[in-house]
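Structural characterization, general
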Amino acid sequence: MKRYLTLLLRTTTVVANGFVLLLCIGMIHVLAAQAQPEKVRIIMIGAHPDDCDMKGGGTAILFASMGYAVKFVSVTNGDAGHQADKGASLAKRRLAEAQEAGKRFGVTYDVLDNHDGELMPDLKVRLQIIRKIREWNADVVIAPRPNDYHPDHRYTGILVQDASYMVAVPNVAPDTPPLKKNPVFLYYQDGFQRPNPFRPDIAVDISSVFTQKIHAMDAHVSQMYEWLPWIGQHLDQVPKNKADREKWLAQTRAVPITPEVRQSLEKWYGSGKAAQVQHAEAFEICEYGARPTDEDIRRMFPMLSAK
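We now turn to the structure provided with this report. Remember, it's a predicted structure, so these values are computed and weren't measured experimentally.

1. Re the nonpolar core
- One finds I42, F72, L186, V204, L265 and F301 to be the most contacted residues of the largest nonpolar core, which totals 55 residues.
- Residue contacts for L265: discarding those within four places in its chain leaves A203, V204, D205, I257, G270, A274, V277 and A280.
- Counting residues in each nonpolar core, the second largest holds 24 residues, with V75, I133, V167 and L179 among its members.

Take a look at the structure:
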């Protein structure tokens, strides 16, 4: 590649004909474009408007900052997640919060119109998810593991698992063109131990964008400062002053780096840099999708620096 570019540049210095000059420059641009790695497309799926934000928001910011296409999908409309508001009114509020969060993250944010707290792993919702993955032409799909305290989280994990093979089957949801290759499917990090603990196959340093992640999560006012503190019985700890809320959110929503995640960081960043990481997001490879090699992962996650 370098030899060809050098030859073309030399040609432009000796050829007087303007047409040939332009032709050579055009060929340089084509070759340079072909040398650029193709950017993968990422879709993160959660049960509620704010799930993707908390579990993968920092990684999404890093991807988006490099010009990668990222979409968040909430499988339910969140119309049950509040102590005072509910139904259509709450769903409308949460949609607006999600759209604002999407702007702050730099991603596209879709919210499906399924009731919060009533999600079932049925064919109707599976087809919705298949279509979303296909429409986005996703290379990487990230979702919850199917073992979780919340039924909506569990069933979202099952629904995405059930879609993992079907996204490439032409006769399923034939109104949406199937993917030509199976994406890599990943799980968000969680702390549940049974039937098996989370395995951090990939760990991403999000220290540089943690403040932006918190600012984006701050858009979910109904959740971060009302519902979640209320259901967690610490609503009285939420600062009254708006200026202090993001600082409080950063303190209460920071995820400690476990020894297993730290070990994964060492694999991808080297021990020296891994020791300096303050905030990270980790993902487990789902065996139902494509089976990536370490080289594949470095290509798909270019923020993982070589040792």
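2. A closer look at the packing of aromatic side chains
- In this structure the tally under the stated criterion is eight aromatic pairs.
- Across from the ring centre of Y155, 6.0 Å away, lies the NZ or CZ of R154, which sits over that ring.
- The cationic tip of R245 hangs over the ring face of Y225; the distance from NZ or CZ to the ring centre is 4.7 Å.

3. Observations concerning the pattern of salt bridges
- Tallied over the entire structure, the rule returns 15 salt bridges.
- The partner of K71 in a salt bridge is D110, and the shortest N-O contact between them spans 2.7 Å. Pair noted here: K71 is in strand β2 (residues 69-74) and D110 is in strand β3 (residues 108-111), with a separation of 39 residues, a long-range link.
- We note a salt bridge from K181 to D139, for which the minimum N-O separation is 2.6 Å. One end of the pair, K181, is in the loop between α6 (151-166) and β5 (184-188); the other, D139, is in the loop between α5 (123-136) and β4 (140-143), and 42 residues separate them in sequence.
- A relative accessible area of 16% means that D139 is categorised as buried.

4. Regarding the pairing of β3
- With four bridges joining them, β2 and β3 adopt parallel strand pairing. Paired with K71 across the bridge in β3 is T108.

5. Some points on the packing of helix α7 (residues 210-217) against helix α9 (residues 242-253)
- One can describe the packing of α7 onto α9 by two numbers: an axis separation of 10 Å at closest approach and a directional angle of 110 degrees. Relative to α9, the element α7 lies roughly perpendicular. On α9, the residues touching F210, I214, H215 and M217 of α7 are E246, L249, A250 and R253.

6. As for α7
- Burial in α7 covers these residues: F210, K213, I214, A216 and M217. Looking straight down α7, one finds that the buried residues subtend no more than 160 degrees of arc, so they occupy a single side.
- Along its buried surface, α7 packs onto α3 (51-65), α4 (87-105), α8 (221-231), α9 and β7 (280-285).

7. Some points on unusual backbone geometry
- The omega torsion of the bond from R194 to P195 falls at 5 degrees, within 30 degrees of zero and hence cis.
- Examined against the element boundaries, P195 turns out to sit in the loop between β5 and β6 (202-205).

8. Quick word on the packing of α5 against α6
- Contact geometry of α5 with α6 gives a least axis separation of 9 Å together with a crossing angle of 55 degrees. With respect to α6, the element α5 is oriented oblique. Helix-helix and strand crossings are classified by hand; for α5 and α6 the assignment is right-handed. Along the contact surface, α5 presents V125, R126, I129, I130, I133 and R134, while α6 presents L159, V160, D162, A163 and M166.
- Here the residues of the contact of α5 with α6 are counted per class, giving eight nonpolar, no polar and three charged.

9. Here we look at the environment of G57
- Locating G57 in the fold gives a position in helix α3.
- Judged by its relative accessible area of 0%, G57 is buried.
- Here the alpha-carbon distance between G57 and F105, two residues 48 residues apart in the chain, equals 7.1 Å.
- Ignoring anything within four residues of it in the chain, the contact list for G57 reads C52, F72, F105, K213 and E281.

Conventions we followed
- Residues numbered from 1 in each chain as written.
- Predicted model: local features only at pLDDT ≥ 70, side-chain atom pairs only at ≥ 80, totals over all residues.
- Heavy atoms only, no water.
- Core = buried A, V, L, I, M, F, W, Y, C linked by side-chain atoms within 4.5 Å.
- Buried < 20%, exposed > 50% of the residue type's maximum accessible area, 1.4 Å probe, protein only.
- Contact = heavy atoms within 4.5 Å.
- Phe/Tyr/Trp six-rings, centres within 6.5 Å; stacked < 30°, edge-to-face > 60°.
- Lys NZ or Arg CZ within 6 Å of the ring centre and 35° of its normal.
- Salt bridge = Lys/Arg side-chain N within 4 Å of Asp/Glu carboxyl O.
- Helix = DSSP H or I, 4+ residues; strand = E, 2+ residues; numbered from the N terminus.
- Pairing = 2+ DSSP bridges.
- Axes fitted to C-alpha atoms, helices over the stretch in contact; angles between N-to-C directions.
- Parallel < 35°, antiparallel > 145°, perpendicular 65-115°, else oblique.
- Arc of directions from axis to C-beta.
- Left-handed = near helix turned anticlockwise from the far one by under 90°.
- Nonpolar A, V, L, I, M, F, W, Y, C, P; charged D, E, K, R; others polar.

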